[in-house]
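Read off the chains here:
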Amino acid sequence: MLNIIMKYNKLFAVAIVSTILYACSGNQKPVDMTGESKKESNKNEIGTVTEKALSTAARLPGQLKPFNEVNLFPKVNGFVKQLFVDRGSIVKKGELLLTLEAPEMESQYQSANSRYLQAQETALASKEKYQRLKEAAREPGSVSPLELDNALARMKADDAIANSERSNVSSVRTMQGYLNIYAPFDGMIVQRNVSPGALVAPGKATDQPMLVLQDIRKMRLEVYIPEDYVDKVDLNKPVTFVFNAMPGDEHTARISRSANALGSMRSEAIEIDVDNAKQYLKPGMYAEVKIPMRSGAKSLLVPNNSIVRSTEQEYVVAVRDGKAVTITVKEGLASHDSTEVFGSLKADDHILLHASDEIKTGDKL
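Computed from a prediction, not measured in an experiment: that's the story for all the values here.

Describing an aromatic ring pair means giving the distance of the ring centres and the angle of the ring planes. Inspection of every chain in the model, using the stated rule, returns 1 aromatic pair. Centroid distance phenylalanine 241 to phenylalanine 243: 5.6 Å. Interplanar angle 80°. Geometry classified as edge-to-face. The same class applies to phenylalanine 241 as to phenylalanine 243, namely buried. One Lys or Arg, lysine 218, reaches over the ring of phenylalanine 67 and ends 4.3 Å from the middle of that ring. The lysine or arginine in question, arginine 220, covers the ring of phenylalanine 67, its NZ or CZ lying 4.2 Å from the ring centre.

Spelled out as structure tokens, the structure:
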């Protein structure tokens, strides 16, 4: 009986093992739950380049600058004797701002004046001698022609020396006038960098000036127009601008002047004269300027997410014959969903959305 029970237990165990092996070696395969997402991720989203009329105005930053500004440097070496202005002083054209002193210049003037007086007396004596000889020469044989010619030459030479010394006196007097610094125009002193007793000397533009004078009754609002817009700006229409420090206070004016040339940043500078009679505007203030554009100008627009930006360039990936072609572009105006671009594109070109720098020219899409 015991043998029969052990035999049935062995058969039961073999049946269980067979069932497990059959289940493990079946034809059923695990379900790939990520296959569908991989298939979706491999799909490339394609967008289209559109051509639309350019916005009627471009919003560009601008900065206020004084209508006139000058750094005042001394023209001669000297010490600051008196200062009549300070930072914030309102001055008129021709007003005395400060005086310098240079003791050696006074001695130079005295010396030049003495030489001039001496030369003047010599020239006067030579002239009188020539006049006497000329009167005496009326009597035949009393004065030789050679002696008369020599007297005339001597008179002319002494007169030239006297004129030269007079010029030297005027030059030294002019140099003395440089010791007084006057305001070249009406304005306000915004910097004072010297004090009485300071030694000053003529310097370069990079040196620190004695005073900085600005005329802020009228200001220049300077705006730089990017190269791609210079031919689209309508210089005859008024512009509107709002200062960042005074939001909501919109101003209107006309473009006063244009550089008509591109600067180092590949942009053209324009200026808008802004009245500041009440002087509530300050140099250096920033503004958002709405520049009118010529009607009919059109631009190429691409979706914002199609532009790839790297440290070297900005580009889009065009789809041509099923392959990728990277095209370098320059960005212009941007909106919430599209950006104006400049490059080797045309309307209705197909471009890749959500492109990345991993996609290279020639890759199959």
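With that out of the way, let us pick up the pattern of salt bridges. This structure, assessed with the given rule, holds 14 salt bridges. The partner of glutamate 135 in a salt bridge is arginine 138, and the shortest N-O contact between them spans 3.3 Å. Arginine 138 sits in the exposed class, given a relative accessible area of 63%. Between arginine 257 and glutamate 271 there is a salt bridge, with the nearest N and O atoms lying 3.0 Å from each other. Here arginine 257, found in strand β13 (residues 257-262), pairs with glutamate 271, found in strand β14 (residues 267-275); they are 14 residues apart in sequence, far enough to count as distant.

Counting through the fold element by element, threonine 99 comes out in strand β6 (residues 96-101). The buried category is assigned to threonine 99, whose relative accessible area is 8%. Residues within four places of threonine 99 in sequence aside, it is in contact with Phe79, Val80, Lys81, Gln82, Phe84, Leu179 and Asn180.

Right, let's talk about the pairing of strand β11 (residues 239-243) for a bit. Burial along β11 is one-sided: Val239, Phe241 and Phe243 are buried, while Thr240 and Val242, pointing the other way, are not. Strand direction decides the pairing type here: β11 and strand β12 (residues 250-253), joined by 4 bridges, are antiparallel. When the bridges of β12 are listed, valine 239 appears paired with alanine 253. Judged from the 4 bridges that link them, β11 and strand β15 (residues 286-292) form a sheet pairing that is antiparallel. When the bridges of β15 are listed, threonine 240 appears paired with lysine 290.

About the criteria used
Residues numbered from 1 in each chain as written. Predicted model: local features only at pLDDT ≥ 70, side-chain atom pairs only at ≥ 80, totals over all residues. Heavy atoms only, no water. Phe/Tyr/Trp six-rings, centres within 6.5 Å; stacked < 30°, edge-to-face > 60°. Buried < 20%, exposed > 50% of the residue type's maximum accessible area, 1.4 Å probe, protein only. Lys NZ or Arg CZ within 6 Å of the ring centre and 35° of its normal. Salt bridge = Lys/Arg side-chain N within 4 Å of Asp/Glu carboxyl O. Helix = DSSP H or I, 4+ residues; strand = E, 2+ residues; numbered from the N terminus. Contact = heavy atoms within 4.5 Å. Pairing = 2+ DSSP bridges.

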